[in-house]
Amino acid sequence: MLFSSFNWAATSLAVLSSLSPVTSSPAITSLETRKTPSLPLKVNTVWEFAFPSWCENLAIRANGQILVSRLDTPELYQVDPTGKIAPILIATWDASYYMGALGISETTPDVFAINIAAPVDANFVKTSGVPAIYKVDMNTFKATSAGVIEKNATVSLIANLPIADFINGMTTLDEEHVLSADVYLGRVYKVDVKTGAYSIAINDPKMKFPANAPTNLGVNGLKIKDSYLYWTNTAVGSLNKIQITSAGTPVGTSSVVTANVPRADDFIFKSDGTAFIAQNQEDELSVLLPGTSKAEVVAGSNTSTILAGVTAGKFGRLASDCERLYLTTSGGLAAPINGTVVVAGMVAYIDTAGF
Ligand SMILES: *[C@@H]1O[C@H](CO)[C@@H](O)[C@H](O)[C@H]1NC(C)=O
Ligand SMILES: *[C@@H]1O[C@H](CO)[C@@H](O)[C@H](O)[C@H]1NC(C)=O
Ligand SMILES: *[C@@H]1O[C@H](CO)[C@@H](O)[C@H](O)[C@H]1NC(C)=O
């Protein structure tokens, strides 16, 4: 299996910091001061893929359907949030050339950019090919209610990135540009989705994996909020930020938002600023409340298959599911639970009402 040679599992990293003590003030500084929701949050299955399968990232269409990228094979699926119909294969890329599909982000209505990675070795050094960013236009896509494709999505190349090693997380800067994280080289590319022009936009020390790190994975998930670019650093186990201009140029120096999220993968903000951080190799989901600096585990555990290898999350976009956090999982392929247990990757959800 592709990932059996990877060393993502090699070393068990930091011990989670203990939860923050209850403060005298009822201010929202800790989940312990809250009555609801009760923890751990319940994890529900939307769809379990065949074993083995690494669901890596997701985007929610305006119609509520979920686009799910696979890292173990370069494929993109549409998953029905009700789980009533089987996932529909939307796009495939040449698996003899590309390793897998990763970050995906909407640019204009129902048009998505997606990171397609070239093969890398156990240290995440690219071994062949050229990573690329593709466009998946869902406006042309049509399927029956039973999930039979009537018209395909339109897939086209945006840009080859020969300067990149391993592109991972992605976010939208504006309708003509996305930011793409190079998790090995520790920098972020700005890519024009219309012209294919690209540049290194942010190259920050907090995006690098440190010397002697347990894994060579630096900047991973990316999100923009209130003129700041936020990113996780997997090796450090941190969430970081730097102010950026509307053109994506960094302003001033970066800072650490929280540093107790071991093996942080992708993350997402709820509308009030609460961050939900997926910790793939810890099989946990942590929450960082706005204005605080210590994250707390709200679901999953490193001895349970309940969130095995959780990779990323996005909130629903319908009135009926806007507080529902959809999650992708790898099944623990990078770091088997208790060293041996691996399950099928899935799309899951948790309800976050109360946060
Ligand atoms: C959609 O694309 C696939 C793969 O290229 C092809 O086999 C299929 O016939 C297409 N379906 C339609 C309805 O055009
Ligand atoms: C992992 O080990 C712990 C402790 O022995 C056990 O309670 C737990 O059920 C194991 N988990 C799995 C998924 O096997
Ligand atoms: C789970 O994490 C704890 C610390 O949070 C660590 O002490 C323990 O060794 C880990 N267990 C496994 C099975 O990885």
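Note: the structure precedes this text.
Here is a short report on the structure shown in this document. As the structure is a prediction and not an experimental result, all values here were calculated from the model.

Brief notes about the site of ligand 1
At step 1: Residues in close proximity to ligand 1 include Ile149, Glu150 and Asn152, which together make up its full environment.
At step 2: Note that an oxygen atom of ligand 1 is positioned 2.3 Å from one of the side-chain N or O atoms of asparagine 152.

Structural notes on unusual backbone geometry
At step 1: At the junction of leucine 39 and proline 40, the peptide bond is cis and its omega measures out at -5 degrees in the coordinates.
At step 2: The residue proline 40 is located in the segment before strand E1 (44-48) in this model.
At step 3: Cis geometry marks the peptide bond from phenylalanine 51 to proline 52; its omega dihedral reads -10 degrees.
At step 4: Structurally, proline 52 is set in the loop between E1 and strand E2 (55-60).
At step 5: You will see that phenylalanine 124, though not glycine, has its phi angle at about 75 degrees, which is positive.
At step 6: Mapping phenylalanine 124 onto the fold places it in the loop between strand E7 (111-117) and strand E8 (132-137).
At step 7: Unusually for a residue other than glycine, asparagine 212 sits at a positive phi of about 65 degrees.
At step 8: Mapped onto the secondary structure, asparagine 212 falls in the loop between strand E15 (198-202) and strand E16 (219-225).

Quick word on the pattern of salt bridges
Opposite charge on two side chains lets them pair, provided their charged atoms get close.
At step 1: Summed over the entire model, instances satisfying the criterion amount to 9 salt bridges.
At step 2: A salt bridge links arginine 70 to aspartate 72; its shortest N-O distance comes to 2.7 Å.
At step 3: Owing to a relative accessible area of 10%, arginine 70 belongs among the buried residues under this scheme.
At step 4: Residues glutamate 150 and lysine 142 are paired through a salt bridge, measuring 3.3 Å at the closest nitrogen-oxygen approach.
At step 5: The class for lysine 142 is partly exposed, based on a relative accessible area of 46%.

Some remarks on the nonpolar core
At step 1: The biggest cluster of nonpolar side chains holds 20 residues, and the ones touching the most others in it are Phe276, Leu285, Leu325 and Phe355.
At step 2: At the level of elements, strand E21 (275-279), strand E22 (284-288), strand E23 (296-300), strand E24 (310-315), strand E25 (324-329) and strand E26 (346-351) are the ones that each hand at least two residues to this core.
At step 3: When residues in this core are grouped by element, the largest group, 3 residues, is from E26.
At step 4: Residues in contact with phenylalanine 276, not counting those within four places in the same chain, are Asp266, Phe267, Ile268, Lys270, Leu285, Ser286, Val287, Phe315, Leu325, Thr352 and Phe355.
At step 5: Counting 19 residues, the second largest nonpolar core, distinct from the first, contains Leu67, Tyr98, Ile116 and Ala153.

Considering the sheet that holds E1
At step 1: Spatial strand order, E1-E26-E25-E24: 4 strands in an open sheet with antiparallel pairing. Both edges of this open sheet fall to E1 and E24, since each of them pairs with a single strand only. On average, adjacent strands in this sheet sit at an angle of 25 degrees to one another, irrespective of strand direction.
At step 2: Taken together, the 4 bridges between E1 and E26 define a ladder with antiparallel strand orientation. Looking across to E26, one finds that threonine 45 is bridged to alanine 348.

What about the sheet that holds E16?
At step 1: Read across the open sheet, the 4 strands follow the order E16-E17-E18-E19; overall the sheet is antiparallel. The strands lining the two open edges of the sheet, one partner per strand, are E16 and strand E19 (250-258). Neighbour to neighbour, the strand axes of the sheet diverge by 25 degrees on average, direction disregarded.
At step 2: As judged from the 5 bridges shared by E16 and strand E17 (residues 228-233), these two strands associate in the antiparallel manner. Across the sheet, valine 219 pairs through a bridge with asparagine 233, a residue of E17.

Calculation criteria
Residues numbered from 1 in each chain as written. Chains lettered and ligands numbered in written order. Predicted model: local features only at pLDDT ≥ 70, side-chain atom pairs only at ≥ 80, totals over all residues. Heavy atoms only, no water. Near = heavy atom within 4 Å. Polar contact = N/O pair within 3.5 Å; in protein donor to acceptor, adjacent residues only side chain to side chain. Helix = DSSP H or I, 4+ residues; strand = E, 2+ residues; numbered from the N terminus. Salt bridge = Lys/Arg side-chain N within 4 Å of Asp/Glu carboxyl O. Buried < 20%, exposed > 50% of the residue type's maximum accessible area, 1.4 Å probe, protein only. Core = buried A, V, L, I, M, F, W, Y, C linked by side-chain atoms within 4.5 Å. Contact = heavy atoms within 4.5 Å. Pairing = 2+ DSSP bridges. Axes fitted to C-alpha atoms, helices over the stretch in contact; angles between N-to-C directions.

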